[in-house]
Structures are given as C-alpha cells and as structure tokens.
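# Reading the structure
Single-letter residue listing:
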Amino acid sequence: MFRRALAWGALLAALGLALAARYGLGTPISEELARQYDLRPVVLPDGRGLPPGEGRVEEGQRIYAQKCASCHGENGEGYPFNRLVSEPFPITPDTEPVEYAIGNYWPYATTLFDYIRRAMPFGQGGTLTDEEVYHLVAFLLYMNGIVDAGTPVNLPQIRMPARELLELDPEAKRRFPWLTLP
Amino acid sequence: MDRRRFFRILGAGGLLGLLKAKAQGLPWTEETFAPTKTLGAPLAEYGERSPFEAGVVRYISPNLRTRHSGASFAPLEKLEGVITPNGLHFERHHAGAPQVDPRHYRLVIHGMVERPLVLTLEDLKRFPSVTRTYFIECAGNGQNGYRNPPDPELTATRSRGLASNASWTGVPLALLLKEAGVKPGARWLIPEGMDAAMYTRSLPLEKAMEDVLVAYAQNGEALRPEQGYPVRLVVPGWEGSIQVKWLRRILVTDLPAMAKDETSEYTDVTADGRVLAFTWVMEPQSIITYPSGGQRVQPGFHEIRGLAWSGFGRIAKVEVSFDEGRTWRKAVLEPPVEPYAFVRFKLPWYWDGKEVVLWSRAWDEKGNTQPTREEFFRRWSRNNRYHYNAIQAWRILPDGRVVNGDRPLGQGAFGPVGPVGGCGGEVLDV
C-alpha cells in the first residue's frame, strides 16, 4: 500500500516537472488546422511556400492593365504609387530613391510572389489567384528585362541584379555570427 | 454649443478682457477669474484633454497620396517628460489600422515547433506579464535630413517625430515559444500582421528569446488601434518596422523570408554603393525640442530641453554645443535612465540675443554617438532612405526665430526637394 502510494507520488512529481516548463495555456492545433489559418503562406527564398504553377507574360500584361496600372503606371513607370520597372542594373549613387524598382533594387524574385499575393492590389490583398500572381510576376520580371517572354520561370533560381549589392549589416553579423543572406 | 462657436466667444471675450486689462493697467484679465464663478465640467467616464490643447496633434504630411499608408509624426516639441501620450504616438502602417474585435482575436504559432498553438487574448493575458518602457522608432526617422539643401522650415516633429516612447505590458515572446516548443534547427520567426497588407518581417529567434514582448497594453491601457490593438510585437532597440502590429501568426522556420519590407524597403545604401540588409539596431539619437524649429524665444533665461535614446542600451551622456561642435557642454539627464528608452536632457542657458546655432549629440553606454551631417554622408549614400541620425542643428536668429541650422551639403545633391519616399511619410510611399 505504502509502496504503491510512493510510486504514484513519484509519477505525479515527474509529471509536474514535465509540465512546470510550460503553463498549459493556449490550445494545441494540428498542422492541418494551422495550414487552414495560414491564408497567405510565407514564400521563403528557397521556394518553400510557392504553390505549383507557372506564369505567362501576356496573361500577366492583361491582368496588370486591369488591376495594377492605375496605381503603378501603364508600363510600371509609377505614379501615383511606386515605380515597378527600371533598367535591369542595380542602382548607382546617382539613382534617386523614387527610381528604385524591381529591376534595380529588389534582390529576390521570390519576394515578388510573396508580396503580390499578400498585399496587392492595395486594400484588396488576397483577391488574386495563385495563377494570376504567377502571371503578374512573369510580366514584371519581363518588363524589368530579367526574364524572356516564353521561358519558364523558376523564381528561387533567378539571380536578381540588385542581389549583387546586398550585404549583411555588420552589426547584425556581429550579434548573430551564424547569420548569412540567402 | 458647438466647438467653433465656443472658440469664437472665447476669442472675443479674451480680446475684450485683454483690452480692458490694458486700459486699467492690470497684469491679468477678467477671464483670469472666470473659472471661479461657475460649476466646472461634471464627472466623465473617459477623460479628454482641455479644448485649449486641441492644436497638439500628430503631423501628417500634406504630400501623401493616401492616408491608408504612410506615417504620422509625434509632436515632440509640444510634449514634456519622456512618455508619449497614446493619442500622439507616431504611426506607420501599410494598409490602414484594422479594427480587431478582441473576442475573435487569435494568434497562431506554428512551423518548426513541437506543438502548434492557437492563443486567444485571454490566454496571452494569463501568462506571466512584463511592463517595460521602450522607445519605438521608425527606420525612416530623420529622413528629412536627406534633403539638400536642408528644409529651413523643419520642426523637431518633422526632424525626429517618427519616434515615441511608452510603457508596454505583455508576455515575453520566449514564454510563448517555450510553450509551443521550438524544434532544433529553427533560427527565424516570421511574424505576420492581420492588416490588409498582412505585413511580415523576419526576426532572429535569439532576439525573441532575449527581450521581445508580445504586448497588449500601452501606458496602462489597451494598445491603440494604430499601435496594433489588440496585440503587437515590441522589439527593444530595433527599428519600428520589425515590431509587427495586429499580430496574428508567428511562423517558426530556418530561413528569413526576405519580405518586401526587408529587401525593397528598410535596406540601407552605403556611401560606396553597397546595400545593407537587416540594419535592425537604432543608433543613438538626440533632438533639442526647446528651442527648436518654428519656435520663437526672447533674450533671457531658458532651459534647453530635449530627448535622447539609443538602440544599443542606455544613454550615457548628452552634450550641447553653441559653436557648431568646437566645444561641448554636458546636459543633465533626468532619471531614470533606462535601456532602449527616451531620456530627457536639460541645460540651463541665458540667451544674450545674438545669433547662435545649437547642436546636441547623444552618447550611449556602448560608446556610440551621433555623427555630423558630413560624417554621416561619408558612411551612407545620399540616396539612402533610412537610419539618419546626424546631429540636428537649430539656428536662433537675432529676432528670436528658430530655424533649421543644418548646413547644405556639397556636390551630389538631389536638388531642392531631395530624395523622397521610404517611410518618412513626407511623400509618396506604400
């Protein structure tokens, strides 16, 4: 009897210790439920988070005219909002910041998919289908001279011109020596 | 009585009273006694400031093309002490401030964790809480300093008002991550907002375990909607744009997202043409708020007052120069001097009525200080957009008017308007 109580006591103590590291607050959910909550998955620079699909430049041009041109200009030249198209060279010390655009400043092509799906058109984020996003990305990369029309685009493998300029902040490197840029 | 009528009557009465007082040679007016003659306002369930203070408001640039993205500036020179009142804390958002019903609020932590979790606001409030005073500063603060020649009309608000300081209450993010159980190999968190831009950034797990707060209160009351109601991240010392508001999700992962707002924006161009990513830490700043641009002073005694802060920790000292940096006088720091928080500095001063230029510079406990404009632009490019922390000069003219005292820069200028954009809120930006 005494021995059994002791065993129970030990078990409870072990359980208590295991639980002590946590507060038992919040509700655990399955990966499947987490996926349902994940309305617009994060696209990582290695391509994780990208849905299957492919973009076509002409389709992108059609969607752009309809849903993007009124803010970003007929050919991505900007006004009233950000310029999207510029020479496919990285910026120089003479490039004015209003001229920063995809071709000369954006270092990762995967960001385009992530951001357009996440936040565009302004105030109507989430209304574009994955397919439409792919078409728009293809069109914008084409307009910036980064891809040819008709060539299949593999976003994580595109080397953006501005990636050549991108470096890690030395203070970030000092604090987190393991940190590297994708 | 409507407000306009109220002010009209007030103005007329005040003017009449003043004239009468002048005629009688009295150093007060009839109105000085008026409050003693009637009952005051009754008890109120939520207190409002005096209608006479209605002019103390955030500055919103008239050049914005939308008010659903951009920034509003805290009116630094109209505030005292170090705490920014909740209604005047600077704002920066990318698709408006959403209205979130706390009953439906959820935070999901998932990805490389043992137990994906969903948390309600009640759940978050049941965790052990922490209250700390921290500044939050937009990476674009100081952006008007990139203009060349400098804007003579600059005020302290437009110079450094994309920074504010508040007492934040919340649960340490480390506790939530332990609750979910971070898997080995995880290095990054991708926090996501529930605004219409579903704003994301990448935050190293190590910083989260150190001191990041999942905050639900600001100066004792619930967060203001424009500060992320009901829940935001507070990341001490780091740029405001990583302190995701309206927090709905944290993805635990092994790579940074390289999101739009950490690549195409919030990256910094060096003088030799490189672009730096993850410029998270806010370097030391100081701003003299009195006397400052747009104000007018009389000869005689003044207490020079200002604010200083640094993302590297505590402010060690603040110095004021009256001769453009040849000699410096140490200002008094008002205690407590807390890490990653505003500190008020003060210096008694007698103005003799001669033209003078005031400079201030902050030093933090790690030995960092503020550069002059010339030094700043030896490090950063003229076409950079963020992290401007050069010394702000105020010039006091013989008639007592205070104007921007910054000197124009030489070759390489961008013309009278200067480079614009980014998150300064002065010109277009989404």
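Since we're looking at a predicted model, the values are computed, not measured.

About the thresholds
- Residues numbered from 1 in each chain as written.
- Chains lettered and ligands numbered in written order.
- Predicted model: local features only at pLDDT ≥ 70, side-chain atom pairs only at ≥ 80, totals over all residues.
- Helix = DSSP H or I, 4+ residues; strand = E, 2+ residues; numbered from the N terminus.
- Rg over C-alpha atoms; globule rule 2.2 N^0.38 Å.
- Buried ≥ 20, exposed ≤ 12 C-beta atoms within 10 Å, placed from the backbone.
- Contact = placed C-beta atoms within 7 Å.
- Nonpolar A, V, L, I, M, F, W, Y, C, P; charged D, E, K, R; others polar.
- UniProt positions renumbered as here; feature names shortened; annotations may be inferred.
- Pairing = 2+ DSSP bridges.
- Axes fitted to C-alpha atoms, helices over the stretch in contact; angles between N-to-C directions.
- Parallel < 35°, antiparallel > 145°, perpendicular 65-115°, else oblique.
- Left-handed = near helix turned anticlockwise from the far one by under 90°.

Each helix and strand in chain B was counted, giving six helices and 24 strands. Scaling as 2.2 N^0.38, a compact globule of 430 residues should have a C-alpha radius of gyration of about 22 Å, and chain B matches this with 24 Å. Principal-axis analysis of the C-alpha atoms places the extent of chain B at approximately 80 × 60 × 40 Å. A buried classification covers 49% of the 430 residues belonging to chain B. A fraction of 72% describes how many contacts in chain B between residues 6 or more apart in sequence connect residues 24 or more apart.

Here the focus is the overall build of chain A. Each helix and strand in chain A was counted, giving eight helices and two strands. Along chain A, from the amino end to the carboxyl end, the secondary structure elements read α-β-α-α-α-α-α-α-β-α. Per-residue burial for chain A yields a buried fraction of 37% across its 182 residues. Partitioning the intrachain contacts of chain A with sequence separation of at least 6 by distance along the chain shows that 59% fall at a separation of at least 24.

Take the interface of chain A and chain B next. Taken together, the contact between chain A and chain B spans 48 residues of the former and 52 residues of the latter. If you list the elements that add at least two residues to the side of chain A that touches chain B, you get β1 (27–28), α2 (31–37), α6 (109–119), β2 (166–168) and α8 (170–175) of chain A. Ranked by residue count, the leading element in the side of chain A that touches chain B is α6(A), at five residues. Tallied by class, residues from the side of chain A that touches chain B come to 30 nonpolar, eight polar and ten charged.

The next thing to look at is the UniProt feature "domain: Oxidoreductase molybdopterin-binding" (unreviewed entry) in chain B. The positions that UniProt labels "domain: Oxidoreductase molybdopterin-binding" (unreviewed entry) are, in the present scheme, residues 94–256 of chain B. Secondary structure content for residues 94–256 of chain B is 16% helix and 32% strand, and the end C-alpha separation is 21 Å.

This next bit is on the environment of Pro152(B). Residues and elements named next belong to chain B. Following the sequence through the fold, Pro-152 ends up in the loop between β6 (130–137) and α3 (156–160). Residues Pro-152 and Val-402 lie 250 residues apart in sequence; the distance between their C-alpha atoms is 9.5 Å. Among all residues touching Pro-152, those that are not within four sequence positions of it are Val-403 and Asn-404.

A separate point is the sheet that holds strand β23 (residues 393–396) of chain B. All names here are of chain B. The five strands lie next to each other as β19-β18-β22-β23-β24, forming an open sheet whose pairing is antiparallel. Whereas interior strands pair on both sides, the edge strands pair on one side only; in this sheet they are β19 (329–330) and β24 (402–404). In this structure, β23 lies alongside β24, joined through three bridges in antiparallel fashion. Counted as the bridge partner of Trp-394 is Asn-404 from β24.

Moving on to the packing of α6(A) against helix α7 (residues 130–143) of chain A. Between two packed helices, both the angle of their axes relative to each other and the distance between the axes serve to describe the pair. Residue and element names in this part refer to chain A. Remark: α6 packs on α7, axes separated minimally by 9 Å, with the N-to-C direction vectors making an angle of 135°. Taken together, the axes of α6 and α7 lie oblique to each other. Our pair here, α6 against α7, has a crossing hand that is right-handed. Contact with α6, carried on its side by Ala-109, Leu-112, Phe-113, Ile-116 and Arg-117, involves Asp-130, Val-133, Leu-136, Val-137, Leu-140 and Leu-141 of α7 and no other residues of that element.

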